[in-house]
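Structure at a glance
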Amino acid sequence: MKISELIKDKNFEKVYIVDDAINIKNGYIGDLLSEIMRNAPGESVWLTHQTHPNIIAVASIVEINTIIIPEGFEFESETIKKAKENNINLLKSRCNIFKAAGIIYTKLIEE
Amino acid sequence: MTPESNKLLEKISQFFSNIRIGEIMTSPAIVVTPETSIKQVKNIMKIKKISGLPVVKRGLKLTGIISIEDIIKVLENGKLEDSVERWMTKDVKILYEENTLSDFMSISQKYKFGRYPVINNENKVIGIITKYDVISWLFEKLGTMYIHDDRRKKILEREEYTSRLTGELLDNKKISFDFDIDYTEIQRIGTGATKLKSFLKKKGIDEKLIRKVSISTYEAEANVVIHSESYGKIFCWDFEDSIRLLIKDYGKGIENVEMAMQEGFSTASEEVRSQGFGAGMGLPNMKRFSDKMTIISEVGKGVIIEMLFYK
Ligand SMILES: Nc1ncnc2c1ncn2[C@@H]1O[C@H](COP(=O)(O)OP(=O)(O)OP(=O)(O)O)[C@@H](O)[C@H]1O
Ligand SMILES: [Mg+2]
């Protein structure tokens, strides 16, 4: 799925997009950084409640290309700055993490 | 050992007399509990090809030593089902981790035992030392010194690091990548690991390998910032057949390495936990993603983590 696919959906709002042709092949959810390190697949979207700048380093190491936070959360400004430096897409969802995951999962399965 | 070879060992050892026992010993030592049967001990000795084992209680506290000589006594006068406690030698001569090679030489002059358990400052058995350990350590040392003879002085000043994993010398001059870890800012965690990642990418290293190396570096870097209370260093060597990593800090050290290695164990504060650290998965991740790993830690002096990744 291209990231443009997600931006078109009213449940997601873009915060920073490197390139909307970037491909998402998989996804992972979690808030524990070492657990993400261990299990998250590459070329994936990561749904999390963490908004601090350390998530950018985690994402770039395991090659997560997009981070999405659920409704009611905001990325710290330093996080956005680092996302730009490291070419990581940032999105906000207008729904909770469960629903957001459901929407993305369905889109990926349908491919 | 013949008197001549003893003499030779003595001579060579003088040269290294200040080396700590902790560096030479075999660690961890194979140990048994007092309840173990003599039969089991006999099997362990046979399988592991060793001739004596420290006997420990809970928490690796030393209570005795059981050796081939004791087993012979059992065969003559006892039953193989007897417990170790009945036959072990209780008055054990020990060495401390901080003792030096010259302490080993004098204790073995005095008692002529084959092996001495090595104890740390918490009275735990952390290893065992025999003449064989000393000889093989020296052999390795002399071997590397021969090759690097022009830098002999440096080796003695310990500016270089002898790999705990392979025994080879990891030469400062051949470092492919190094990075200073700034521990004052939690936000900077991962800077070193990401830099190393792009460095390895440029060198054309296999993607999967890069992933393993960078995850492991990230975890070690995070630990230095979060736990050590000291700055640290990342060193990476890109060898023909392997990638080597050394992550060092000069901080408080890990009190109980065995415990720290357990999945889920963490002393992280509430504050850093709320940021997603402290799952107690960092060290287990390093172990999982590297092919070989070792931790050297001294309370109050810091932690050295060495990892090896085959290409
Ligand atoms: N460099 C270090 N200096 C001092 N203590 C350390 C160091 N590295 C690890 N430790 C100790 O070992 C424990 C376990 O480390 P580990 O990396 O496995 O988990 P964690 O850092 O607590 O959590 P996570 O890595 O999942 O975020 C730490 O909580 C800490 O007590
Ligand atoms: Mg950790």
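Everything here concerns the structure above.
Note that the structure is a prediction, hence the values are computed from the model and not measured.

Turning our eyes to something else, we now look at the nonpolar core. In terms of nonpolar packing, the biggest core is built from 55 residues, with Ile67 of chain A together with Tyr218 of chain B touching the most fellow members. Ranked by residue count, the leading element in this core is helix α10 (residues 207-228) of chain B, at nine residues. Leave out the neighbours within four places in its chain, and Ile67 of chain A touches Trp46, Thr48, Ile55, Ile56, Ala59, Phe75, Ile88, Asn89, Leu90 and Leu91 of chain A.

Here we come to the site of ligand 1. As a structural note, the neighbourhood of ligand 1 is formed by 21 residues, with His227, Asp249, Ser266, Thr267 and Gly278 of chain B the closest of them. In this structure, ligand 1 sits where chains A and B come together, each supplying nearby residues. The separation between an oxygen atom of ligand 1 and a polar main-chain atom of Leu283 of chain B is 2.9 Å. Contributing elements (two or more residues each) for the shell around ligand 1: α10 and α13 (282-289) of chain B. Among the elements that take part in the shell around ligand 1, α10 of chain B stands out by supplying four residues, more than any other.

Bringing the packing of helix α3 (residues 38-48) of chain B against helix α4 (residues 68-77) of chain B into the picture now. Residues and elements named next belong to chain B. At a minimum axis separation of 11 Å, α3 and α4 run at an interaxial angle of 135°. Taken as axis vectors, α3 and α4 run oblique relative to one another. Considering only the axes of α3 and α4, their crossing is left-handed. Across the interface between the two elements, Ile38, Val41, Lys42 and Met45 from α3 touch Ile68, Ile71 and Val74 from α4. Considered class by class, the residues forming the contact of α3 with α4 number six nonpolar, no polar and one charged.

Rules used in this analysis
- Residues numbered from 1 in each chain as written.
- Chains lettered and ligands numbered in written order.
- Predicted model: local features only at pLDDT ≥ 70, side-chain atom pairs only at ≥ 80, totals over all residues.
- Heavy atoms only, no water.
- Core = buried A, V, L, I, M, F, W, Y, C linked by side-chain atoms within 4.5 Å.
- Buried < 20%, exposed > 50% of the residue type's maximum accessible area, 1.4 Å probe, protein only.
- Helix = DSSP H or I, 4+ residues; strand = E, 2+ residues; numbered from the N terminus.
- Contact = heavy atoms within 4.5 Å.
- Near = heavy atom within 4 Å.
- Polar contact = N/O pair within 3.5 Å; in protein donor to acceptor, adjacent residues only side chain to side chain.
- Axes fitted to C-alpha atoms, helices over the stretch in contact; angles between N-to-C directions.
- Parallel < 35°, antiparallel > 145°, perpendicular 65-115°, else oblique.
- Left-handed = near helix turned anticlockwise from the far one by under 90°.
- Nonpolar A, V, L, I, M, F, W, Y, C, P; charged D, E, K, R; others polar.

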